Amino acid sequence: MSAVRPLTIGSFTAPNNLLLAPMAGITDSPFRVLCLKGGAGIVCAEMVSAHALHYGNEKSGRMLQVNPKEHPVSMQIFGADEPTIAEAARLAEQQGADIVDLNAGCPVKKINKAGAGCVLMKDEAKLGRLIEAAVKSVKIPVTLKTRIALNHKEFLAVRLAKLAEQAGASAITLHARAAVDVHSGPPNIEAVGEACAAVKIPVIGNGGIVNAAVAQQFFQAGCAGIMIGRGAVGNPFIFRDIIDVLEGREPASQTTQNRLMIYLELIRENAAYYGERIGVNRSRKTAGGWIKDFPNAAEVRGRFVRLETLAEIEALFSQTLARLQ
Ligand SMILES: Cc1cc2nc3c(=O)[nH]c(=O)nc-3n(C[C@H](O)[C@H](O)[C@H](O)COP(=O)(O)O)c2cc1C
């Protein structure tokens, strides 16, 4: 039987158990909509600072907005004290999030200095209180995203999964790498598997999932769901492809032309969402994931990153697509 199935997280059930990972600067509303079209069962938003929301920061407030086309969506918040976490969770719920996720895995220094992200893995009492504060403040399910370890000396996956469950979290996502490894190195799927066996709440496995074979390893380890980050950049249809393979179908092959057309759609959506200048700027960040694998890709990428208007970009894409035919 296929591992692909609906995923129940507390009171919410998603159509399938393949999730888009939260990625700051990438998993904004236009990209989330694209990944839902690409088969994701739940899409996770970029992390938003609870502290910034408390002080009415406009940009952070906007990051919580939910487009009616992007359900199911999980809004991720980060912070270090209970009242602001509770407030941020409430705001996410008010904006229409289906799930609110607490970040306890981010290794970025600035965030850690403020007592948030992966440093919470060292202070289990505090992490438990933050989860409880979020759970008490909303009706939607609260989840935790953390890592299997801070370093290579001590694995924390089982303890953190139990802690999340006891504090009332409806699921836990475990990035199968230690915080010291940031995003590189092979995932330790076995460590995630140990956590799966220790709790009743769904465990979602994450880290290095770029194809159905790796996804299957996480499912075999006991994961109720899997979460894909960088594998979806330049390939939002990875979810559908993995589902096809796991269900014994041939995945629809994505041609280079297809990928470029999807990228152009994303750039247009970004321009509509942020305004042309910021939208184009933001689109550039992931150009390497999209404009690749054809003979003059590097040259096209080089030209693309210097363009500033949608009209110029559309002209470059139509020229490139014509050459590829
Ligand atoms: C550019 C980038 C931004 C990220 N931002 C976040 C974030 O905002 N919140 C979070 O929990 N994890 C964040 N992550 C970690 C991812 O969610 C994920 O755990 C990690 O990339 C491993 O998955 P992957 O190997 O499939 O990419 C980020 C990762 C990347 C590469």
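Residues numbered from 1 in each chain as written. Predicted model: local features only at pLDDT ≥ 70, side-chain atom pairs only at ≥ 80, totals over all residues.

**Some words on the site of the ligand**
Worth spelling out the cut-off: Using a C-beta atom placed from the backbone for every residue, we mark a residue as near a molecule or strand if that atom lies within 6 Å of it. Following the grouping adopted for this structure description, the nonpolar residues are Ala, Val, Leu, Ile, Met, Phe, Trp, Tyr, Cys and Pro, the charged ones are Asp, Glu, Lys and Arg, and the polar ones are all others, Gly among them.
In the neighbourhood of the ligand, 23 residues make up the surrounding shell, with Ala21, Met23, Met47, Gly229 and Arg230 lying closest. Within the shell around the ligand, the residues separate by chemical class into nine nonpolar, 11 polar and three charged.

**A few points about the domain arrangement of the protein**
Our working definition: Note that the domain bounds were set by an automatic or database domain assignment. Here the contact rule is simple: place C-beta atoms from the backbone, and any two residues whose C-beta atoms are within 7 Å are in contact.
Looking at the assigned domains, one finds that the protein contains domain 1 (7-246) and domain 2 (256-324). Taken over C-alpha atoms, the centre of domain 1 sits 29 Å from the centre of domain 2. In this complex, domain 1 contributes nine residues to the contact, which on the side of domain 2 involves 10 residues. Looking at the side of domain 1 that touches domain 2 residue by residue, the class counts come to six nonpolar, three polar and no charged.

**Looking at the nonpolar core**
The nonpolar side chains of a soluble globular protein tend to be buried with one another. Note the following rule: By definition, a nonpolar core groups buried Ala, Val, Leu, Ile, Met, Phe, Trp, Tyr and Cys residues that are joined through C-beta atoms within 7 Å. Any residue whose C-beta has 12 or fewer other C-beta atoms within 10 Å is treated as exposed, any with 20 or more as buried, and any in between as partly exposed, C-beta atoms being built from the backbone.
Counting 109 residues, the largest nonpolar core has Ile77, Ile131, Ala134 and Val192 as its most contacted members. Composition of this core by domain shows at least three residues from each of domain 1 (7-246) and domain 2 (256-324). If near-sequence neighbours (up to four positions away) are discounted, Ala134 is found in contact with Ile85, Ala86, Ala89, Val100, Leu102 and Val142.

**Re helix H8 (residues 189-198)**
The following threshold applies: Numbering goes from the N terminus for both helices and strands, where a helix is a DSSP run of H or I of at least four residues and a strand is a run of E of at least two.
The set of residues buried in H8 consists of Ile189, Ala191, Val192, Gly193, Ala195 and Cys196. Looking at the packing, one finds that the buried side of H8 touches strand S8 (142-149), helix H7 (157-167), strand S9 (171-178), strand S10 (203-206) and helix H9 (212-220).

**What to know about the packing of helix H4 (residues 82-94) against helix H6 (residues 124-137)**
This is how it is decided: Here the axes come from fitting lines to C-alpha atoms, over the contacting stretch only for helices, and the angles between their N-to-C directions go from 0 to 180 degrees. Crossing handedness: left-handed means the near helix sits turned counterclockwise from the far one by under a right angle, and right-handed means the same turn made clockwise.
Where H4 meets H6, the closest approach of the two axes is 8 Å, and the angle between their N-to-C directions is 40°. In terms of crossing hand, the pair formed by H4 and H6 is right-handed. Contacts from Glu82, Ile85, Ala86, Ala89 and Arg90 of H4 reach H6 at Arg129, Leu130, Ala133, Ala134, Lys136 and Ser137. Grouping the amino acids of the contact of H4 with H6 by side-chain chemistry returns six nonpolar, one polar and four charged.

**Let's talk about the environment of Phe294**
Its location among the elements puts Phe294 in the loop between helix H13 (287-290) and helix H14 (297-304). Overall, Phe294 belongs to the partly exposed group, with 16 C-beta atoms counted inside 10 Å. Through-space distance from the C-alpha of Phe294 to that of Asp244 is 25 Å; in sequence the pair is 50 residues apart. Leave out the neighbours within four places in its chain, and Phe294 touches Thr256 and Leu324.

**Re the environment of Glu269**
Inspection of the secondary structure assignment puts Glu269 in helix H11 (residues 256-274). The spatial distance from the C-alpha of Glu269 to the C-alpha of Leu34 is 9.6 Å, given a sequence separation of 235 residues.

**Considerations on unusual backbone geometry**
That bond from His71 to Pro72 is cis: its omega, -5°, falls within 30 degrees of zero. When you line up the elements, Pro72 lands in the loop between helix H3 (58-63) and strand S6 (73-78). You will see that Val182, though not glycine, has its phi angle at about 50°, which is positive. Within the secondary structure, Val182 sits in the loop between S9 and H8. Positive phi values are uncommon outside glycine, yet Asp293 reaches one of about 60°. Inspection of the secondary structure puts Asp293 in the loop between H13 and H14. By C-beta crowding, Asp293 is classed as exposed, having 9 other C-beta atoms within 10 Å.

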